[in-house]
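# Breakdown of the fold
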Amino acid sequence: MFPYPSGQLHMGHVRCYTLADVINRYRRLKGFNVMQPMGWDAFGLPAENAAIKNGIPPARWTHDNIAYMRGQMQRLGFGIDWSREFATCDPEYYHWEQWLFLKLYEKGMVYRKNATVNWDPVDQTVLANEQVVDGRGWRSDAPVERREMAQWFLKITAYAEELLTELDNMDGWPESVKSMQRNWIGRSEGVEIDFPVLNAEGAKDENDAVLTVFTTRPDTLLGATYVAVAPQHPLALAAAERNPEVAAFLEQCNQSTTAEADMATLEKAGMATDAFVEHPLTGERLPVWVANFVLMEYGSGAVMSVPGHDQRDWEFARKYDIDIVQVIAPVDDTPCDLEAEAFTAPGQLVNSGDFDGLTSAEAFAAIAQALAERSRGRRITNYRLRDWGVSRQRYWGCPIPMIHCDKCGVVPVPEQDLPVVLPTEVEFEGVRSPLVTMESFLHVACPQCGGDARRETDTFDTFMESSWYYARFTSPDANTPMVDERVNYWAPVDHYVGGIEHAILHLLYARFYYKLMRDEGLVPGDEPFNRLLMLGMVLQDGKKMSKSAGDAGDPQKLLDKYGADTVRTAMMFAAPPDQSFEWSEAGLEGALRFLKKLWSQVQEHVAGGTAPALDVAALTEAGSSLRRKAYTTLAKADDDYGRRIQFNTVVSSVMELVNAISKCEPGNDADRSAVQEALQIAVLVISPVAPHITHQLWQVLGGTDALVTSRWPAMDDTALTQASIEMVVQVNGKVRGKIEVPADADQAVILDLAKASENVHRHLQDKTVRKEIVVPNKLVNLVVS
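The paragraphs below set out a description of the structure included in this document. Along each chain, residue indices are assigned from 1 in the same order as the chain's sequence is written. A pLDDT threshold of at least 70 governs which residues receive local features in this predicted model, and a stricter bar of 80 or more applies before side-chain atom pairs are shown or counted, although totals over entire chains, interfaces and linings include all residues. Side-chain measures were taken over the full set of non-hydrogen atoms in the model, leaving aside hydrogen atoms and water.

### Some words on the overall build of the chain
What counts here: For helices the rule is a DSSP run of H or I covering at least 4 residues; for strands it is a run of E covering at least 2, with both sets numbered from the N terminus onward. Residue burial considers only the protein chains on display, and all accessible areas are found by Shrake-Rupley using a 1.4 Å probe. In this tally Asp and Glu are treated as negative and Lys and Arg as positive; neither His nor the chain ends contributes. Here the site of a charge means NZ on Lys, CZ on Arg, CG on Asp, or CD on Glu.
When helices and strands are counted, the chain shows 24 helices and 32 strands. Accessible area for the chain stands at about 34,400 Å²; split by element, carbon and sulfur atoms hold 48% of it. Once the 75 positive and 108 negative side-chain charges of the chain are each reduced to a mean point, those two points are 5 Å apart.

What follows is the structure in structure tokens.
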């Protein structure tokens, strides 16, 4: 995942891009063509806020940061193909994003409508629900307001089912991430129910208006005692016009969060309106309440409330003294006390007229049928996923390629006039977007009537740029829509590496965008990322590492002090990639000692002269043992790099091999050749982690080409063969000795050797052996009395 050019790398960046580089270098050694590109997620609020604070145009601030961060990456030795580099603020990039938007507009996949949004009064922009934390803007910390504004949307819901079902085929993704995406998409089977709206006299509304709700529990319909609507619902707004108290309550609601995640802990509040609806089966009048926990952007902005069988509705009903009716009874020993809490489990219907005695499952079908016969309901599949609002009211983003004409309405920019280029020489007055008052940008002729018109001043949500950049890397200089034929060789991405914080939104939007591109005939396959490595966070003092973490989080200072290989090795050794960990500079000292030891061993070995060709038959036990250790390390590293993606164990295995080399005392020239081979394996295996020192050591050991062009060694299974095996001997479960036995020894021989061991023999004297247990290649246990 490409970085935001914030000014400098932090250790979280170092971890992410070192891991990707290790995969890159390992796969090259295995003979693959590997593309490791880099770009910059360059639009967004931080650049704009920095410009406002420092008086620097965002474009200049962004490109200065890119230059500095590129240098840091190069110093860290990342094997990046810099010929593919781009920033998403380059018109050559966002040109094609605008092009696709217009294609989607033609297909009806783009629309504009008024929507209730989160408005940050300090940053002066719309925020996604996920950017509202405890009712405040994630960057400004200002209380967020609810506003109704015209917004542009992409119909991601049209792909909800495919986005959900494809997860079952994505074997290279962690189950945890797939589960998060399934929950976010939120498929549910249920019934959509129409409650006729009643007028002030209690009769049906003259326009036959209905209040539509969705429920997954139609079996509880006979227990509905009220309906609740969102503060922005038309029934609530109409009630506010008639009642100042309702109007005041709605204003209060508009100052609180709209994030669904906050609803569980939000104190439930509501107010009765003077409106009523009719129960679709019983004809009973039900009061309409406005409630702060109902979100207008989810479903129809209204819910049927069954306090006997929904805990949230129960709490609300108890608070406001609303009737609680039981219509579901348990069919087993499940407790049911509606005085204490709602009974939420399925069961058997009671107090439900003709439906009494049915199970919840039976009642689902029966009540759905009854509603359909009355034209008051229908079975549907619903999704929690909402369409993607892509409008942002800030300057530093990709211009939305639409034009507003008083005569023609909203008109798309003609394709030949793309890209709509964002002006870069701007001055800010407060935090408001300069585009709003920039006459040279605003005024344009209407493409249809030729009259005076104005450009759209909203810019795209920056998730738009980060949802397709990976495809552009395949053909970064293509002057055709988005990509060219080179994408068919490279796409989809074989291995995608990034932080777990992007497990839902970025990955979901990227999957959606890839399908949009696929349906335009631009990219192969259905999914953008075959394999996904989600990283745990780098922490300091229990908090996510950032550039504000001080010297310990500043790669530049660590590079100056320790060098790139030490920083890379320490980071890879610290923890498995998917685990979060506390970063400490102490790990760098250990990594430095290890690399110095490897360096010294190679120099000392080479100083002893050139080793002859390896003669396996002439090896002493010391040489054979070292070869066995070297090839065991090679096999384990191959599995750790390729299948397990556990690079910390690669480092520890090579550390063990280096220790074994230091302890080996060659008995002849053949053993010296085994040392040469073991050093070459150690250098090559650790090279994806520490590429600089190993490049040099490879040459010292006699390599004629750069190590990066070498190949992973072939496995020699004969090296793993052991002539003898060490086994532990226990007497009554206590260790009493160790024995060396031939690798092909049978159980009788092993038992004879065990009993003959001096210390074991002493513990067997005057005892009767009752049981003999041999665990092959591990231990012998003699049970005596």
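### Some remarks on the environment of Ala743
So the rule is basically this: Between buried and exposed lies partly exposed: a residue is buried under 20% and exposed over 50% of the maximum accessible area for its type, with that area taken using a 1.4 Å probe on protein chains only. A contact between two residues is defined here by any heavy atoms of the two lying within 4.5 Å.
As for its position among the elements, Ala743 is in the loop between β30 (734-742) and α23 (747-756). A relative accessible area of 37% means that Ala743 is categorised as partly exposed. Ignoring sequence-local partners within four residues, the contact set of Ala743 consists of Gln722, Ala723, Ser724 and Ile725.

### Examining the packing of helix α6 (residues 175-185) against helix α15 (residues 505-519)
How two helices sit against one another is set out by the angle between their axes and by the gap between those axes. How we decide: All axes here are fitted lines through C-alpha atoms, helices being fitted over the stretch that makes contact, and every angle between N-to-C directions spans 0 to 180 degrees. By definition in this entry, angles of less than 35 degrees are roughly parallel, angles greater than 145 are roughly antiparallel, angles of 65 to 115 are roughly perpendicular, and the rest are oblique. Residue type decides the class: Asp, Glu, Lys and Arg count as charged, Ala, Val, Leu, Ile, Met, Phe, Trp, Tyr, Cys and Pro as nonpolar, and the leftover types, Gly among them, as polar.
In the contact formed by α6 and α15, the axes pass within 10 Å of each other and the chain directions differ by 75°. Our classification of the angle between α6 and α15 gives roughly perpendicular. Contacts between α6 and α15 involve Val177, Gln181, Trp184 and Ile185 from the former and Leu505, Leu507, Leu508 and Arg511 from the latter. Class assignment for the residues of the contact of α6 with α15 results in six nonpolar, one polar and one charged.

### Let's talk about the sheet that holds strand β26 (residues 538-540)
Going by this rule: Only strands that DSSP links by at least two bridges are regarded as paired with each other.
Within the open sheet, the three strands sit side by side as β27-β26-β28. Their pairing is mixed. Taken across any chain shown, the strands that pair with only one partner, and hence form the sheet edges, are β27 (543-544) and β28 (581-582). Relative to β27, β26 is paired through two bridges, and the arrangement is antiparallel. Within β27, the residue paired with Gln540 across the bridge is Lys543.

### Side note on the state of the cysteines
Defined as follows: Cysteine sulfur atoms that come within 2.5 Å of each other are treated as a disulfide pair.
Taken as a whole and assessed by the stated rule, the structure comprises zero disulfides. Cys408 forms no disulfide, and the closest cysteine sulfur to it belongs to Cys446, at a distance of 3.7 Å.

### Here we look at the packing of aromatic side chains
Note the threshold: Ring pairs shown here join Phe, Tyr and Trp side chains whose ring centres sit within 6.5 Å, with only the six-membered ring taken for Trp; geometry is labelled stacked below 30 degrees between planes, edge-to-face above 60, and tilted in between. Whether a charge lies above a ring is judged from NZ of Lys or CZ of Arg, which has to be within 6 Å of the ring centre and within 35 degrees of the ring normal.
All chains considered together, the criterion is met by 32 aromatic pairs. When the ring of Tyr111 is compared with that of Phe153, the centres are 5.3 Å apart and the planes differ by 15°; the resulting orientation is stacked. With Tyr111 in strand β3 (residues 110-120) and Phe153 in strand β7 (residues 145-154), this residue pair connects regions lying 42 residues apart in the sequence. Through a chain of ring-to-ring contacts, three or more aromatic side chains come together here, namely Phe2, Phe86, Tyr93, Trp468, Tyr469, Tyr470, Phe473, Tyr496, Tyr514 and Phe529. Stacked on the ring of Trp184, the Lys or Arg Arg384 has its end atom at 4.4 Å from the ring centre. Its end group placed over the ring of Phe441, Arg455 keeps NZ or CZ at 5.9 Å from the ring centre.

### Concerning the packing of helix α18 (residues 586-607) against helix α22 (residues 691-700)
Orientation of α18 relative to α22, taken along the N-to-C sense of each, is 10°, at an axis distance of 10 Å. Judged on the interaxial angle alone, α22 and α18 are roughly parallel. Across from Leu595, Leu598, Trp599, Val602, Gln603 and Val606 in α18, the residues of α22 making contact are Ile693, Gln696, Leu697 and Val700. Counted by class, the contact of α18 with α22 contains eight nonpolar, two polar and no charged residues.

### Structural notes on the pattern of salt bridges
Short version of the rule: We count a salt bridge whenever a side-chain nitrogen from Lys or Arg sits within 4 Å of a carboxyl oxygen from Asp or Glu.
Going through the model one piece at a time under the given rule, you end up with 42 salt bridges. Across the pair Asp81 and Arg84 runs a salt bridge, and its minimum N-O distance is 2.9 Å. Take Asp81: its relative accessible area is 28%, and that puts it in the partly exposed class. By relative accessible area, which is 15% here, Arg84 ends up buried. Between Asp168 and Arg182 there is a salt bridge whose closest N-O contact spans 3.0 Å. Taken together, the residues Asp168 in the loop between α5 (160-165) and α6 and Arg182 in helix α6 connect sequence positions 14 residues apart. Residue class for Asp168 comes out exposed when judged on its relative accessible area of 53%.

### Examining the environment of Ile328
Among the structural elements, Ile328 can be located in strand β14 (residues 328-329). Along the primary structure Ile328 and Lys178 are separated by 150 residues, whereas in three dimensions their C-alpha atoms are 34 Å apart. With residues near it in sequence (within four places) discarded, Ile328 still touches Arg217, Asp219, Thr220, His309, Phe343, Ala345, Pro346, Gly347, Gln348, Leu349, Val350 and Ser360.

### Some remarks on helix α8 (residues 244-253)
Stated precisely, the cut-off is as follows: What the arc describes is the spread of directions from the helix axis to the C-beta atoms.
For α8, the complete set of buried residues consists of Val246, Phe249, Leu250 and Cys253. One side of α8 carries all its buried residues, which in axial view fall inside an arc of 100°. Residues of α8 that are exposed and point more than 90 degrees away from the buried face comprise Pro244 and Gln252. Contact partners of the buried residues in α8: β7, α7 (234-242), β11 (270-278) and β12 (285-291).

### Section: the side chain of Ser467
In plain terms, the rule: We define a polar contact as two N or O atoms separated by no more than 3.5 Å, with the added condition that, inside protein, one atom must be a possible hydrogen donor and the other a possible acceptor, whereas residues neighbouring each other in sequence contribute only through side-chain atom pairs.
Locating Ser467 in the fold gives a position in the loop between α12 (463-466) and α13 (469-472). In this structure the side chain of Ser467 is engaged in a polar contact, spanning 2.6 Å, whose partner is the backbone oxygen of Phe463. The contact partners of Ser467, leaving out residues within four places of it in the chain, are Trp388, Tyr509, Ala510 and Tyr513.

### Brief notes about the pairing of strand β8 (residues 187-198)
Of all 12 residues that make up β8, nine are buried, and the element is covered over most of its length. Direction of pairing for β8 relative to strand β16 (residues 377-383): antiparallel, over a ladder of seven bridges. Across the sheet, Val191 pairs through a bridge with Arg379, a residue of β16. Inspection of the sheet shows β8 paired to strand β9 (residues 210-215) by six bridges, in the antiparallel sense. Looking across to β9, one finds that Pro196 is bridged to Val210.

### Things to note about the nonpolar core
A general feature of soluble globular proteins is that nonpolar side chains tend to end up buried together. To keep things clear, this is the line we draw: Throughout, nonpolar core names a set of buried Ala, Val, Leu, Ile, Met, Phe, Trp, Tyr and Cys residues whose side chains join them through atoms within 4.5 Å.
In this structure, Phe101 and Tyr641 are the most contacted members of the largest nonpolar core, which totals 162 residues. In this structure Tyr641 touches Val22, Tyr26, Phe647, Val650, Val685, Ile686, Pro688, Val689 and Trp712, once residues within four positions along its chain are discounted. Counting residues in each nonpolar core, the second largest holds 41 residues, with Val246, Val277, Phe364 and Ala368 among its members.

### A short note on helix α16 (residues 555-562)
An α-helix turns once per 3.6 residues; consequently, residues spaced three or four apart project the same way. Residues of α16 that are buried include every one of Pro555, Gln556, Leu558, Leu559 and Tyr562, and no others. One face of α16 carries all of its buried residues, which in axial projection span an arc of 165°. Turned more than 90 degrees away from the buried face of α16, the exposed residues are Asp560 and Lys561. At its buried positions, α16 is contacted by α1 (11-29), α3 (58-75), α17 (564-574) and α18.

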